[in-house]
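# Summary of structural features
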Amino acid sequence: MKFQAVLNNVHNIDARNICSLIESESVDVTITSPPYFDMKDYGCDGQIGFGQTYDAYLDDLKNVFEGVFRCTKRTGTLWVVIDALRKSGEVVPLPFDFDRKMREIGWKLREIIIWEKDKTVPWVHKGQVRNCFEYVLMFSKSDEYNFYVDNVRSCENIKKWWVKYPERYNPNGKAPGGVWDFPIPTQGSWGSGYVRHFCPLPDELIERILQLSSVEGDVVLDPFSGSGAVLAKAFGMNRAFVGIELNSEYIDMFHRYLAAVDGGGASKDIEGRSCSKDFYRAILDLRVLKYARVLYKKINDELDGALLAMRAEYSTGCTKKKNALVVVEYKMVLRQDVGCAVDKVLDVATRLSGKAPLSKFGIEPYFVTCERVCDVVARDESVSLYTERVTHKVWKKVAARELSDVLGAGVIISSICVDFDESNYE
Ligand SMILES: C[S@@+](CC[C@H](N)C(=O)[O-])C[C@H]1O[C@@H](n2cnc3c(N)ncnc32)[C@H](O)[C@@H]1O
C-alpha cells in the first residue's frame, strides 16, 4: 500500500507486523501506551499482555518497538506511557525492564517523566502507598532529535526575583519540569458513551508531547491506539496520523468519534505559549539595561573610571551570533579628565562582552565611544536615567537639556523605561 494511503487511518493489524504497513524512516513521533501485562483482556486474539509470561510479554514489546525504530526518521522520538505493576504484593519494575529491551534495539532514553494522575481509586492496599503516577519514557533514535521546548514554556509560578536577574530567565518562560500533573480523563469527557475503552490518555498530556516533539504536517504513530486519543489529538493539531489496533470495535468507535467532533477536538491555542509578549519584552528590557550597568562598572574598575555614562538602545540589526536574542548599541561617553584611549576602552568592552556574565545575556553588543553626553542624546529628546546600582527601576526621567545637571548620579541612559517596584519582586 502507498504510504499516503496508510496515513490518517487506523489499521486493524497486529502491531508486530508494523513494517508490512509503514515504510522505513517515515514517522516523526510515536506516542503510545502498550497493553497492560496480564491484567486486562482487550477481547481479541493475538493480543499482547493478557495470558502471557512476563518474558514473552517483554519480547513481544521489543518486537513491536523494533518495527517502530525502523519506521522512525533519524530525528524522530518515541514516548511510552508505562507503569510498574505488582505480583503477589511485590513490585515488578516494568519501565526499567522495558528500557533495557529498548536499548538492545538502539533507542536512547532521553527523559523519564512522572505523570501525576491526580484522581485515582481512593483505596490503598495494606502495606502500600497509593498508586498515583505513571512513567512517561522518552526515547530518541539518534542524537539529533526534534525537541521543541520553546513551544511549551510557561510563565506560571516564575519566581519573583526575575526582575534582578533577567539574564537567568528565558523570555519565553520556564521549560516544563519532569513531573506532569494531568488528571485522567473521566468517562464522558470524550462524548457520551464513547469511551468504553480502558484508559484513554488525557488530552493535555498528548498535546504537550505533540508540541514538544512535532510540528504541523509531521507524521504521528500509535501502534496500540485503543480509543485513538493520540490520533484524534494529532489530527486536531494538523499532524498526519497512523494508528494500529487489534480490536476492530475500538477502531469503529474512533471513526465515529472523529466524525462527531469534526476535527478531533483541536485546541484553541495549540502552538501558543502561555507567556505574554509583555513578559518577553520586560525580560529583554531588563537585560539590555543590566548589561549596560555591569559593563559600565567593570570598565570603570579596570580603567580607573574612564566612563562618564553609557547609553543603551536596541538596534534594528539582525543577530548573527548563536543564542543572541537582540542586537544592542552601547554608546560609551568617555570622561575627558581621565583621558583613556578610545581603542583601549573598545578592547576592554569587547573582551568583557565575550566572557561570563555578559556573554550569558543573549545580547549581541555593538560598541561606540563618544566624547560628550550631547553626542548620545538628541536635543529635543527625553530619556530615562538609571543608577550604577539599579536598572530595574527608573531613577529619573529627564529632558536632554537637564542631563548634565544629574549625570554622575544617573549613569545609564536609555529610551527604555522600566519601573518595577523592588519590594514586589524580592
Ligand atoms: C493500554 S491500551 C491503549 C490505550 C490508548 N493509549 C488510549 O488512549 O486509548 C493498549 C491497546 O493495545 C491493543 N493491542 C493489544 N495487543 C495488540 C497487538 N498485538 N497489536 C495491536 N494492538 C494491540 C489493545 O486492544 C488496546 O486497545
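Residues numbered from 1 in each chain as written. Predicted model: local features only at pLDDT ≥ 70, side-chain atom pairs only at ≥ 80, totals over all residues. Heavy atoms only, no water.

Helix and strand content of the protein: 10 helices and 16 strands. Expressed as a percentage of the 426 residues in the protein, the buried residues total 50%. A sequence separation of at least 24 residues applies to 71% of the contacts in the protein between residues at least 6 apart. Counting every atom, the protein has about 21100 Å² of accessible surface; 48% of that belongs to carbon and sulfur. (Helix = DSSP H or I, 4+ residues; strand = E, 2+ residues; numbered from the N terminus. Buried < 20%, exposed > 50% of the residue type's maximum accessible area, 1.4 Å probe, protein only. Contact = heavy atoms within 4.5 Å. Areas by Shrake-Rupley, 256 points an atom, 1.4 Å probe, with all protein chains shown as cover.)

This brings us to helix H6 (residues 229–236). The element H6 is extensively covered by neighbouring structure, given that 7 of its 8 residues are classed as buried. Along H6, the residues classified as buried are Ala229, Val230, Leu231, Ala232, Lys233, Ala234 and Gly236. Backbone geometry just after H6 places asparagine 238 at a positive phi near 60 degrees.

Here we come to the sheet that holds strand E11 (residues 307–314). Spatially, E13-E12-E11-E16-E14-E15 is the arrangement adopted by the 6 strands of the open sheet, whose pairing is mixed. With partners counted over all chains shown, the strands left at the sheet margins are strand E13 (363–370) and strand E15 (396–399), one partner each. Here the average twist between neighbouring strands, direction ignored, is 30 degrees. Relative to E15, strand E14 (residues 382–387) is paired through 4 bridges, and the arrangement is antiparallel. In the strand pairing of E15, serine 382 is matched with alanine 399. Packing of helix H8 (residues 277–302) onto the sheet brings it into contact with E11, strand E12 (326–334), E13, E14 and strand E16 (410–414), and relative to E11 it is tilted by some 155 degrees. Contacting E11, E12 and E13, helix H9 (residues 342–353) runs over the sheet at an angle of about 165 degrees to E13. (Pairing = 2+ DSSP bridges. Axes fitted to C-alpha atoms, helices over the stretch in contact; angles between N-to-C directions.)

What follows deals with the packing of aromatic side chains. In this structure the tally under the stated criterion is 16 aromatic pairs. Ring centres of phenylalanine 65 and phenylalanine 98 lie 5.4 Å apart, and the angle between their planes is 85 degrees; this geometry places the pair in the edge-to-face category. Here phenylalanine 98 lies in helix H4 (residues 94–105) and phenylalanine 65 lies in helix H3 (residues 54–71), a separation of 33 residues in the sequence. Given the relative accessible area of 1%, phenylalanine 98 is considered buried. Every member of this aromatic cluster is reached through a ring pair, and the members are Phe65, Phe98, Phe139 and Phe224. The cationic tip of lysine 40 hangs over the ring face of tyrosine 36; the distance from NZ or CZ to the ring centre is 4.9 Å. (Phe/Tyr/Trp six-rings, centres within 6.5 Å; stacked < 30°, edge-to-face > 60°. Lys NZ or Arg CZ within 6 Å of the ring centre and 35° of its normal.)

Another aspect to go through is the environment of cysteine 318. Its location among the elements puts cysteine 318 in the loop between E11 and E12. Under the relative-accessibility criterion, cysteine 318 is labelled exposed at 66%. Sequence spacing of cysteine 318 and glutamate 364 is 46 residues, and the spatial spacing of their C-alpha atoms is 9.4 Å. Once residues within four sequence positions are removed from consideration, cysteine 318 is found in contact with Val327 and Glu364.

The contact between H3 and H4 brings their axes to 9 Å, and the two run at 45 degrees. The angle between the axes of H3 and H4 places the two elements in the oblique class. The handedness of the crossing between H3 and H4 comes out as right-handed. For the pair H3 and H4, the contacting residues are Tyr54, Tyr57, Leu58, Asp59, Leu61, Lys62, Phe65, Glu66 and Phe69 in the first and Leu94, Asp97, Phe98, Lys101, Met102, Glu104 and Ile105 in the second. Here the residues of the contact of H3 with H4 are counted per class, giving 10 nonpolar, no polar and 6 charged. (Parallel < 35°, antiparallel > 145°, perpendicular 65-115°, else oblique. Left-handed = near helix turned anticlockwise from the far one by under 90°. Nonpolar A, V, L, I, M, F, W, Y, C, P; charged D, E, K, R; others polar.)

Glancing now at the side chain of histidine 11. Of note, histidine 11 is situated in strand E1 (residues 9–11). With sequence-adjacent residues up to four places away left out, histidine 11 is seen in contact with Val6, Leu21, Val242, Gly243, Ile244, Glu245 and Ile251.

Moving on, we get to the sheet that holds strand E2 (residues 27–32). Ordered by their spatial adjacency, 8 strands build an open sheet running E1-E10-E9-E2-E3-E7-E6-E8, and the pairing between neighbours is mixed. On the outer flanks of this sheet lie E1 and strand E8 (179–181), each paired with one strand and no other. Averaged over all adjacent pairs, the angle separating strand axes in this sheet is 20 degrees, with direction ignored. Judged from the 8 bridges that link them, strand E6 (residues 108–116) and strand E7 (residues 133–140) form a sheet pairing that is antiparallel. Counted as the bridge partner of isoleucine 114 is tyrosine 135 from E7. Where H6 meets the sheet, its contacts fall on E1, E2, strand E9 (219–222) and strand E10 (240–244), and the angle it forms with E10 comes to roughly 170 degrees.

The two faces of the sheet receive side chains in turn, since in a regular strand these alternate between them. With respect to burial, E10 is a largely interior element, 5 of its 5 residues being buried. Residues of E10 alternate between two faces, with Ala240, Val242 and Ile244 on one and Phe241 and Gly243 on the opposite face, all of them buried. Where E1 lies against E10, 3 bridges are found, and the strand directions are parallel. Residue valine 10 lies in a different strand from E10, and its bridge partner there is glycine 243. Both E9 and E10 contribute to a ladder of 4 bridges, which runs parallel. Bridging across to E10, leucine 221 finds its partner in valine 242. Handedness of the β-α-β unit built from E9, H6 and E10 comes out right-handed. (Right-handed = clockwise from strand over helix to strand, strands pointing away.)

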